[in-house]
Amino acid sequence: MTTDSSLLNSELELQQQEELYQQLLLQTMGQIHTENPDSKVIRPQPGMCVKTLSEPDKQKVFVNICQSNSVPLPPELSREELLELLQSEDPSGYRVPMSLGEPHTEVDNNSQACTAYDVVINQEFFQKCARCKDPLFQQFVILVSLEGLENKYSLELSRDWKVLKNRKFLGSVSEQNIRTKSRPVIQELQPQECSAVTAKRPEFTLLVEPPAGAPEYLIAEIKLPGVPSSRSLVLDVGEDRLVLTARPSLFHLDVFHQFLVDQESSVAQYNGSTEILTVTMPVVSS
């Protein structure tokens, strides 16, 4: 009895390629984006300047809320939906995309040094909130800006803020480098067109480790029945968002979470036997 050595070699080669792919997947996390950054430089327009205090040292902090159409527009939100959102136990289901700049030292009207932060949100969304006579929308924009800064820089900012009437910006408007897409964690080798409309939302669970105390890791376990290998997966891990596509048009998952995670240190592994993708993301803050 003889065997076809070409078929045998082909199977071995595919197995070796799959093992190499998995190995490279775990070794090159965050490096692909660095080599080919999907980002662009923007110069936002001033919007409004908010004065508050840091806690517990009571130091002056100014938040420059800026506007740019380069930042994605959040979903439409009515006043009734906003009230329901603010009264809910978990308001993290609605996210306002924003770019958070680095802190910079400025001088206030009393010639005292202070810290300022630049927050950039979508221009259309900002203008809608500014034109609205209902102050609830303006308060919501300020609140999500403060929370964004607190999460990114481990701050505690007072909710007793003041909007400066005669100043839209403290300091000088600086350029910001924003990502046009999340860092790719799993790249497919042969890109194909995919329709998220026909794709199904897979079953998934989000686990926090350790279960009690300060969270160190956020672990996503996603069931992908019928997916043969990780080669058909495209996974984007954002700071507070996870997007997965299983091609061709099998599954699509787009979910926000309440944690700020380290994208470059996140790892993913697909188990072909259980057909479960496990994404482990170190938690920076919650």
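Presented here is an overview of the structure given in this document. (Residues numbered from 1 in each chain as written. Predicted model: local features only at pLDDT ≥ 70, side-chain atom pairs only at ≥ 80, totals over all residues. Heavy atoms only, no water.)

### Things to note about the side chain of His-257
Phase 1 of the analysis: Locating His-257 in the fold gives a position in the loop between strand 14 (251-256) and strand 15 (260-261).
Phase 2 of the analysis: Judged by its relative accessible area of 5%, His-257 is buried.
Phase 3 of the analysis: At 3.1 Å, the side chain of His-257 forms a polar contact with the backbone oxygen of Phe-259.
Phase 4 of the analysis: Ignoring sequence-local partners within four residues, the contact set of His-257 consists of Arg-95, Leu-206, Leu-218, Glu-239, Asp-240 and Arg-241. (Helix = DSSP H or I, 4+ residues; strand = E, 2+ residues; numbered from the N terminus. Buried < 20%, exposed > 50% of the residue type's maximum accessible area, 1.4 Å probe, protein only. Polar contact = N/O pair within 3.5 Å; in protein donor to acceptor, adjacent residues only side chain to side chain. Contact = heavy atoms within 4.5 Å.)

### Here we look at the nonpolar core
Phase 1 of the analysis: Counting residues in hydrophobic clusters, the biggest one holds 27 residues, and the most contacted among them are Val-63, Ile-65, Ile-121, Phe-125, Phe-140 and Leu-149.
Phase 2 of the analysis: Of all the secondary structure elements, the ones that give two or more residues to this core are strand 2 (45-53), strand 3 (60-68), helix 3 (79-87), strand 6 (113-122), helix 4 (123-131) and helix 5 (135-153).
Phase 3 of the analysis: If one sorts the elements of this core by residue count, helix 5 sits on top with nine residues.
Phase 4 of the analysis: Setting aside anything within four residues of it in sequence, one finds Ile-121 in contact with Ile-65, Cys-66, Gln-67, Ser-68, Val-71, Val-96, Pro-97, Met-98, Phe-126 and Val-141.
Phase 5 of the analysis: Residues Ile-222, Leu-244, Leu-253 and Tyr-270 belong to the second largest nonpolar core, which totals 22 residues. (Core = buried A, V, L, I, M, F, W, Y, C linked by side-chain atoms within 4.5 Å.)

### Concerning the pattern of salt bridges
Phase 1 of the analysis: Overall, the coordinates contain six salt bridges when judged by the stated rule.
Phase 2 of the analysis: The salt bridge involving Asp-108 is made with Lys-60; its shortest N-O contact spans 2.8 Å. Pair noted here: Asp-108 is in the loop between strand 5 (104-107) and strand 6 and Lys-60 is in strand 3, with a separation of 48 residues, a long-range link.
Phase 3 of the analysis: Across the pair Glu-76 and Lys-128 runs a salt bridge, and its minimum N-O distance is 2.7 Å. Of this pair, Glu-76 sits in the loop between strand 3 and helix 3 while Lys-128 is found in helix 4, placing the two residues 52 residues apart along the sequence.
Phase 4 of the analysis: Its relative accessible area of 65% is what places Glu-76 among the exposed residues. (Salt bridge = Lys/Arg side-chain N within 4 Å of Asp/Glu carboxyl O.)

### Examining the packing of helix 3 against helix 5
Phase 1 of the analysis: Closest axis-to-axis distance for the helix 3/helix 5 pair is 11 Å, and the angle between their directions is 45°. Comparing the axis directions of helix 3 and helix 5 gives the class oblique. The two elements helix 3 and helix 5 meet at a crossing, and its hand is left-handed. Contacts between helix 3 and helix 5 involve Arg-79, Leu-82, Leu-83, Leu-85 and Leu-86 from the first element and Leu-136, Phe-137 and Phe-140 from the second.
Phase 2 of the analysis: Residues that form the contact of helix 3 with helix 5 fall into these classes: seven nonpolar, no polar and one charged. (Axes fitted to C-alpha atoms, helices over the stretch in contact; angles between N-to-C directions. Parallel < 35°, antiparallel > 145°, perpendicular 65-115°, else oblique. Left-handed = near helix turned anticlockwise from the far one by under 90°. Nonpolar A, V, L, I, M, F, W, Y, C, P; charged D, E, K, R; others polar.)

Just distances and angles here, no functional claims.
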